[in-house]
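Spelled out from the first residue to the last, the chains are:
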Amino acid sequence: MKLLIIEDEKELAGLLAESLAREQFVVESAGDFDTAMEKLGVYNYDCILLDIGLPDGNGLDILRQLKEEGKSENVIIISARDSLDDKLAGLDLGADDYLTKPFHIAELNARVKAVLRRKETDGKHLLEFGNLTLDLKERQAFVKDNNLQLNRKEFDILNYFLLNKTRLVTKTALAEHVWGDNIDQADNFDFIYYQMKNLRKKLRDNDAGIEIESVYGVGYRSIEK
Amino acid sequence: MKLLNQSIKHISISILAVVGIWGAVFYYNMIEEIKENVDDGLENYKRQIIYKANRDTALLSRVDFDEAFYSIHPIDKQPALTFTDQYKDTVVHIRGIDEVYARTDPARMLTTAFEDGGKYYELKIINPMIEKNDLIHRLLINMIWLYAFLVIAIIIINNIVLQRLWKPFYQLLQKIKTYRLGSNENFPEVKTRTREFNDLQKAVNTLLSHSTQVYDQQKQFIGNASHELQTPLAIMVNKLELLLEKGNLNDEDAEKIAETMNMAERLIRVNKSLLLLTKIENKQFLDEQPVSVNRVVEQRLPDLKDIADFRKITISFVQEAELTKEMDPALAEILVSNLLRNAFFHNTPKAGAVNITISEKKLHIINTGKDMPLDADKIFDRFYKSGSGNEHTGLGLTIIKAICDLYGISITYQYKDRCHHFTLIF
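Parameters and conventions
Residues numbered from 1 in each chain as written. Chains lettered and ligands numbered in written order. Predicted model: local features only at pLDDT ≥ 70, side-chain atom pairs only at ≥ 80, totals over all residues. Heavy atoms only, no water. Helix = DSSP H or I, 4+ residues; strand = E, 2+ residues; numbered from the N terminus. Rg over C-alpha atoms; globule rule 2.2 N^0.38 Å. Contact = heavy atoms within 4.5 Å. Lys, Arg positive; Asp, Glu negative; His and termini not counted. Charge placed at Lys NZ, Arg CZ, Asp CG, Glu CD. 1 Å grid on protein atoms, 1.4 Å probe; cavity = no way out; pocket = protein on both sides within 12 Å on 5 of 7 lines; lining within 4 Å. Points joined across faces, edges and corners; volume = space filled by probe spheres on them. Pairing = 2+ DSSP bridges. Axes fitted to C-alpha atoms, helices over the stretch in contact; angles between N-to-C directions. Domains from an automatic or database assignment. Buried area = accessible area lost by both parts, 1.4 Å probe. Salt bridge = Lys/Arg side-chain N within 4 Å of Asp/Glu carboxyl O. Polar contact = N/O pair within 3.5 Å; in protein donor to acceptor, adjacent residues only side chain to side chain. Nonpolar A, V, L, I, M, F, W, Y, C, P; charged D, E, K, R; others polar.

Chemist: An account of the overall build of chain B is requested, with residue identities and associated values reported.
Modeler: Check the secondary structure of chain B and you find nine helices and 11 strands. Compactness check: chain B gives a C-alpha radius of gyration of 48 Å against a globular reference of 22 Å for 426 residues, more than 25% above the reference. Long-range contacts, defined here as pairs at least 24 residues apart, represent 65% of the contacts in chain B between residues at least 6 apart. Averaging the positions of the 52 positive and the 55 negative side-chain charges in chain B gives two centres separated by 3 Å.

Next up, the structure:
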């Protein structure tokens, strides 16, 4: 899988590249409009992260170009502007998703994988990790053939961990993803601990091949036993 | 005190003084005039009597006032020659035929001397004069009437004049009263030809335009600052995330990094809230459509169910009526979500309650919480925090207020029966 990051902020581009490389993607970066256009002219990418606020041009123009070539559906817009107009314009031009800075790495992973999955042939809506299988369509989780009987939130949590296999998922990222965007409220994520306790118990009771371990108190990580 | 009443008060007092002084002057002038008239009459009498006495000496034997309005007494030559005419005020006792007692009336008396046939006589002539008390009495009554009439006239004229002349002033005042920085596009303006009002209007507008400029700059600054902070903050948190993920840290270091990350995330939340506030205040949410508040609450409530379960908070949600409001759906969601989160997160640690009631025009949220009222004047201020808790940005309620202000929703806070009440009237 080959990804292109079009982002003028070098630090951020480097970080994203580093993180995505951990997911075994081949990652390239373009720091300005011209480099981006050049690279897009030569190679095909499975997913493109596009910052629309470039110093020498508008990212939306790149998107327009991609749309003409029929390649805009695998673009994720990343923008510091949480503007509805930009969002609508971007999605109108065929972008798959819109991510507002700052975002969590776990969230980016989840979005990128969603784009890649949509590209793949239909019918595949299964996520697998160890002996665990998630049926995204039926929203069911199985250990071998054994249904885990997860509630809605537990399924969302597990799904998120499977999109971020072995990666750190911070409590904040998890809360935002599963319980919605919380713009003001509480570092108090005790209730997440409570949810995680239940989920871990279900995994353990069903002899799942994975477990979710705590990482320095800031978050969790799914690992294969 | 209203300008109208003030001016009437002042004018009435001044007029009272003016009418008083005028009355006194008028009275003395009047008395003088009357005396002059009476004296002229006495002078005429004198001539007539002396003339008659010349021809009819029988007159000279009349001595007393009993028979006529004059008396004649013979006097010596010496005093008679040096005699000068004297006018003086005196009284006469007059008794009418049908009267028992004599009346005392003011009179004017002329004392003079004349010579007739080598003999000298003193002549006193009396002429009744107007009663001063009567005059004063009359004058006073008239003055009171005049005063009353003047005051009434002035009140009426003042009313008309003030209402007409000051109309632009009151219009301007009304417009200034309803003017809100940042929410009104046009400055207060009225059409008038009065220079003072035009000057006032100009001064007010200069002041307002300066304030608006400062306000806009401040708003823009907050927006820009928050915006510029987004990317560095993103990089910071992401770097820390990657660092923690690598895992080869000792616990102590990891803990410090985790703390730093929490701080950075708090910054991000503050920043996001400020950006959202700026956007609300800049009216960047324009997608207005009828939004069912009932549906929004129904949708947001499950998100908080886990927290409620965890903290043993009982929820009651009563829908007495359907409440719809023309507003941006995203803002409606933020409004309801923030209100609910506020009720849940600021609840008691154990066995609390959140009661939500929707009636025709009202969204009422009651929650248990700290056993003391919050400062109702300050809770909607930016960065207001009750107590020492610092997990919150202190912007949640400010955002709620900003959204309410944008759509003209009134929001009030009350502490009643040991519960915190938030009432929104749509």
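Okay, back to it.
Chemist: Please give an account of empty space enclosed by the protein that cites residues and values.
Modeler: Scanning the entire structure with this criterion turns up four cavities of 30 Å³ or more. Of the voids in this model, the second largest cavity is the one considered here, and its volume is about 40 Å³. Forming the boundary of the second largest cavity are Ile105(A), Ala106(A), Asn109(A), Asn164(A), Arg167(A), Leu168(A), Glu241(B), Leu242(B) and Glu245(B). Put simply, the parts of the chain that give the lining of the second largest cavity at least two residues each are helix 5 (105–119) of chain A together with helix 5 (195–246) of chain B.

Chemist: If you had to explain the sheet that holds strand 13 (residues 210–215) of chain A to someone new, which residues and values would you point to?
Modeler: Residues and elements named next belong to chain A. If you trace the three strands from one edge of the open sheet to the other, you get 12-14-13, paired in antiparallel fashion. The two strands at the open ends of the sheet, each matched to only one other strand, are strand 12 (168–170) and strand 13. Here the strands of the sheet are splayed against their neighbours by 30° on average, with no regard to which way each runs. Strands in contact with helix 8 (residues 190–205) are strand 13 and strand 14 (219–224); relative to strand 13, the strand with the most contacts, it is inclined by about 150°.

Chemist: Give a description of the sheet that holds strand 10 (residues 410–416) of chain B that names residues and reports values.
Modeler: Residue and element names in this part refer to chain B. The strand order across the open sheet built from five strands is 6-8-9-11-10, with neighbouring strands paired in mixed fashion. Lying at the two open borders of the sheet, with one neighbouring strand each, are strand 6 (314–319) and strand 10. Averaged over all adjacent pairs, the angle separating strand axes in this sheet is 10°, with direction ignored. Judged from the five bridges that link them, strand 8 (residues 353–358) and strand 9 (residues 362–367) form a sheet pairing that is antiparallel. Paired with Ile 358 across the bridge in strand 9 is Leu 363. Sheet strands in contact with helix 7 (residues 293–310) are strand 6, strand 8 and strand 9, and its direction is about 175° off that of strand 6.

Chemist: So what's going on with the domain arrangement of chain B? Residues and values would help.
Modeler: We note that the domain assignment places domain 1 (3–158), domain 2 (195–281) and domain 3 (289–425) within chain B. Look at where the C-alpha atoms of domain 1 of chain B and domain 3 of chain B centre, and you get two points 91 Å apart.

Chemist: Help me get a handle on the interface of chain A and chain B, residues and values and all.
Modeler: Listed as interface residues are 41 residues of chain A and, on the opposing side, 43 residues of chain B. Carbon and sulfur atoms make up 57% of the surface buried where chain A meets chain B, a total of about 4,100 Å² over both sides. In this structure, the connection of chain A to chain B is made through three salt bridges. With its nearest N and O atoms 2.4 Å apart, the salt bridge here joins Glu245(B) to Arg22(A). Here chain A and chain B share 10 residue pairs in polar contact (both at pLDDT 80 or more) between them. Among the elements that take part in the side of chain A that touches chain B, helix 1 (residues 10–21) of chain A stands out by supplying five residues, more than any other. Looking at the side of chain A that touches chain B, its residues break down into 15 nonpolar, 10 polar and 16 charged.

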